[in-house]
Amino acid sequence: MRALTWHGKHDVRVDTVDDPEILNPRDAIIKITSTAICGSDLHLYDGYIPTMKAGDILGHEFMGEVVETGPKSTLRKGQRVVVPFTIACGSCFHCSKHQYSACDNGLPADNQDIAQAAYGQPMSGLFGYSHMTGGYAGGQAEYVRVPFSDVGPIVVPDGVDDDKVLFLSDILPTGWMAAENAQIEPGDTVAVWGCGPVGLFAVQSAFLMGAERVIAIDHFPHRLELARKFGAETINFEETKTYDALMEMTGGIGPDACIDSVGLEAHGFFADNVWDQIKVSTFLGTDRTHSIRQAILACRKGGRVSMPAVYGGFVDKFPLGAFMEKGLTLKTGQTHVQHYMPGLLNAIMEEKIDTTFLISHRMPLEQAAQGYRLFHDKQNEVTKIVLKPGMDLTQAT
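Residues numbered from 1 in each chain as written. Predicted model: local features only at pLDDT ≥ 70, side-chain atom pairs only at ≥ 80, totals over all residues. Heavy atoms only, no water.

## Considerations on the overall build of the protein chain
Next up, step 1: Scanning the protein chain from terminus to terminus reveals 13 helices and 18 strands.
Next up, step 2: Against the compact-globule benchmark of 21 Å for 397 residues, the protein chain has a radius of gyration of 20 Å, which places it among compact chains.
Next up, step 3: For the protein chain, the spread of C-alpha atoms along the principal axes amounts to about 60 × 45 × 45 Å.
Next up, step 4: When each of the 397 residues of the protein chain is scored for burial, the buried share is 56%. (Helix = DSSP H or I, 4+ residues; strand = E, 2+ residues; numbered from the N terminus. Rg over C-alpha atoms; globule rule 2.2 N^0.38 Å. Buried < 20%, exposed > 50% of the residue type's maximum accessible area, 1.4 Å probe, protein only.)

## Details of the packing of helix H8 (residues 242–249) against helix H10 (residues 290–298)
Next up, step 1: Where H8 contacts H10, the two axes come as close as 10 Å, and the packing angle between them is 30 degrees. When the axis of H8 is compared with that of H10, the two are roughly parallel. When you trace H8 past H10, the crossing you get is right-handed. Along its contact with H8, which presents Thr 242, Tyr 243, Leu 246 and Met 247, the element H10 presents Gln 294, Leu 297 and Ala 298.
Next up, step 2: Tallied by class, residues from the contact of H8 with H10 come to five nonpolar, two polar and no charged. (Axes fitted to C-alpha atoms, helices over the stretch in contact; angles between N-to-C directions. Parallel < 35°, antiparallel > 145°, perpendicular 65-115°, else oblique. Left-handed = near helix turned anticlockwise from the far one by under 90°. Contact = heavy atoms within 4.5 Å. Nonpolar A, V, L, I, M, F, W, Y, C, P; charged D, E, K, R; others polar.)

## Describing the sheet that holds strand S2 (residues 11–16)
Next up, step 1: If you walk across this open sheet you meet the three strands as S2-S1-S4, and the pairing is antiparallel. Every interior strand has two partners, whereas the edge strands, S2 and strand S4 (56–57), have only one. (Pairing = 2+ DSSP bridges.)

## Considering the sheet that holds strand S16 (residues 329–332)
Next up, step 1: As summarised here, the arrangement of the six strands in space is S13-S12-S11-S14-S15-S16, forming an open sheet in which the pairing is parallel. Since the sheet does not close on itself, it has two edges, and those belong to strand S13 (233–236) and S16, each with one partner. Along the sheet, successive strands turn relative to each other by an average axial angle of 20 degrees, direction set aside.
Next up, step 2: Of the pairings in the sheet, the one linking strand S11 (residues 189–193) to strand S14 (residues 257–260) comprises four bridges and is parallel in character. Bridge pairing in S14 links Trp 193 to Asp 260.
Next up, step 3: Its contacts with the sheet put helix H6 (residues 197–208) on S11, strand S12 (213–218) and S14, and the angle it makes with S12 is roughly 170 degrees.

## Examining the UniProt feature "domain: Alcohol dehydrogenase-like N-terminal" (unreviewed entry) in the protein chain
Next up, step 1: Following the UniProt record, the feature "domain: Alcohol dehydrogenase-like N-terminal" (unreviewed entry) maps to residues 25–153 here.
Next up, step 2: Along residues 25–153 the backbone is 13% helical and 26% strand, and the end-to-end C-alpha distance reaches 16 Å. (UniProt positions renumbered as here; feature names shortened; annotations may be inferred.)

## Here's the deal with unusual backbone geometry
Next up, step 1: If you check the backbone angles, His 10 has positive phi at about 60 degrees while not being a glycine.
Next up, step 2: With respect to the helices, strands and loops of the structure, His 10 is situated in the loop between strand S1 (2–8) and S2.
Next up, step 3: Residue His 10 is classed as partly exposed on the basis of its relative accessible area, which comes to 39%.
Next up, step 4: The residue Ser 130 is not glycine, and still its phi comes out positive at about 85 degrees.
Next up, step 5: Tracing the backbone through its elements, the reader meets Ser 130 in the loop between strand S8 (125–126) and strand S9 (143–146).

## Overview of the side chain of Asp 260
Next up, step 1: Following the sequence through the fold, Asp 260 ends up in strand S14.
Next up, step 2: Although Asp 260 is buried, it forms no salt bridge, and the closest oppositely charged side chain is Arg 293 at an N-O distance of 10 Å.
Next up, step 3: Polar side-chain contacts of Asp 260 include one of 2.6 Å to the side chain of Tyr 311. (Lys, Arg positive; Asp, Glu negative; His and termini not counted. Salt bridge = Lys/Arg side-chain N within 4 Å of Asp/Glu carboxyl O. Polar contact = N/O pair within 3.5 Å; in protein donor to acceptor, adjacent residues only side chain to side chain.)

## Description of the nonpolar core
Nonpolar side chains tend toward joint burial in soluble globular proteins.
Next up, step 1: Of all hydrophobic cores here, the largest spans 70 residues; its most connected members are Val 165, Phe 167 and Leu 168.
Next up, step 2: Broken down by element, this core gets its largest block of residues, seven residues, from helix H12 (residues 337–349).
Next up, step 3: Lining this core are residues from two domains, each supplying at least three of them: domain 1 (2–170 + 336–395) and domain 2 (172–332).
Next up, step 4: Ignoring anything within four residues of it in the chain, the contact list for Phe 167 reads Ala 36, Glu 61, Leu 172, Pro 173, Phe 201, Thr 355, Leu 358, Ile 359, Lys 384 and Val 386.
Next up, step 5: Ile 235, Ala 245, Ala 298 and Tyr 311 belong to the second largest nonpolar core, which has 21 residues in total. (Core = buried A, V, L, I, M, F, W, Y, C linked by side-chain atoms within 4.5 Å. Domains from an automatic or database assignment.)

## Some points on the packing of aromatic side chains
Next up, step 1: With the rule as written, the count across this model stands at six aromatic pairs.
Next up, step 2: Measuring from ring centre to ring centre gives 6.4 Å for Phe 167 and Phe 201, while their planes differ by 50 degrees; the resulting arrangement is tilted. Of this pair, Phe 167 sits in the loop between helix H4 (162–165) and helix H5 (171–181) while Phe 201 sits in helix H6, and the two are 34 residues apart along the sequence. Here the two residues Phe 167 and Phe 201 agree in accessibility, since each one is buried.
Next up, step 3: Ring centres of Phe 230 and Phe 357 lie 4.8 Å apart, and the angle between their planes is 75 degrees; this geometry places the pair in the edge-to-face category. Linking Phe 230 in the loop between helix H7 (221–229) and S13 with Phe 357 in the loop between H12 and strand S17 (361–364), this pair joins segments that are 127 residues apart in sequence.
Next up, step 4: Feature note: the residues Phe 167, Phe 201, Phe 230 and Phe 357 constitute an aromatic cluster, connected by ring pairs. (Phe/Tyr/Trp six-rings, centres within 6.5 Å; stacked < 30°, edge-to-face > 60°.)

So, in structure tokens, the structure goes:
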């Protein structure tokens with residue numbers, strides 16, 4: 001089959017690789033119909049995530065048709081399914097609490113030592129996202145093996161277009177959980193750092209959860225325009241000092257809740273961010289954490305901070321004193337996608353949530369490498385790229 005493979009920093013290629021096979025009774029093989037490039041895939045592309053190996057198949061946002069099942073899978077051939085990016089068994093201690101991204105069995109035993117050394121305990125497995133998260137082949141391919149297929153995938157109703165439901169795989173549940181973790185109360189003012197896909201879904205979700213005002217922060221004009229279409233007020237951090245603007249917009253109190261949707265590759269010419277970039281480039285640090293620092297300093301006393309953004313290692317200059325003295329609450333974590341998929345599918349079917357606005361480009365899988373370069377280099381114009389195996393080049397948009 002054809003699949004997008006990682007070969008190093010800024011080096012991804014569509015190669016011919018072996019077809020996946022059923023390895024365990026609960027497995028299923030999915031023929032991919034749509035797969036997307038995620039903002040967190042760019043962390044792999046930029047070389048920030050360790051334990052990648054040449055030839056690893058990328059991709060964790062995908063859906064398709066069931067073509068083969070193991071004897072204990074509950075799926076049937078011919079069903080269309082969306083697959084969550086987290087790999088979870090459904091029966092361990094954490095899964096019983098619907099904490100699927102903390103599953104004890106999603107990560108293969110021979111990969112658990114890496115995560116345990118880095119984070120204290122092994123995490124759940126993830127598709128296409130390094131050997132620290134299991135070394136699973138991802139879904140930017142013609143076919144993919146789905147472990148625990150009786151727990152993860154959700155069956156899509158007949159007649160529903162891929163574009164409407166594809167983002168149930170990751171970014172829609174992630175934006176929703178980000179807003180839920182912010183513990184939004186009616187009348188709240190919520191600030192969202194980053195108007196990428198997760199940030200924009202967090203904006204939608206915050207309003208649906210009762211926020212009176214949402215303030216979206218970014219520097220890409222088109223992304224800020226999309227946030228305004230959902231009713232958000234906006235701050236362009238290249239034109240305005242974010243902290244000062246937030247204080248002015250909230251009468252000096254600060255937002256009730258702050259959501260960091262930026263993560264370890266924060267942008268902007270700020271003193272702390274420049275210092276972080278120097279440390280990363282000289283291997284003295286791993287993450288650029290300007291956005292979470294700013295969220296903590298801007299949040300009102302007694303407020304809540306939600307951090308759906310990806311961070312990978314250790315940080316310094318973290319405002320722990322401000323966090324404690326202001327009495328803030330921080331909630332974070334990989335998304336418990338399986339928990340949120342049914343309710344969000346219903347919201348899509350009832351037209352309470354729109355996802356299709358996000359798609360700016362549709363490309364054949366064969367052009368995936370060009371898609372990564374485009375997404376990396378033109379983030380104002382490119383909001384989401386959907387890859388379609390078998391698409392004719394003339395159909396690309």
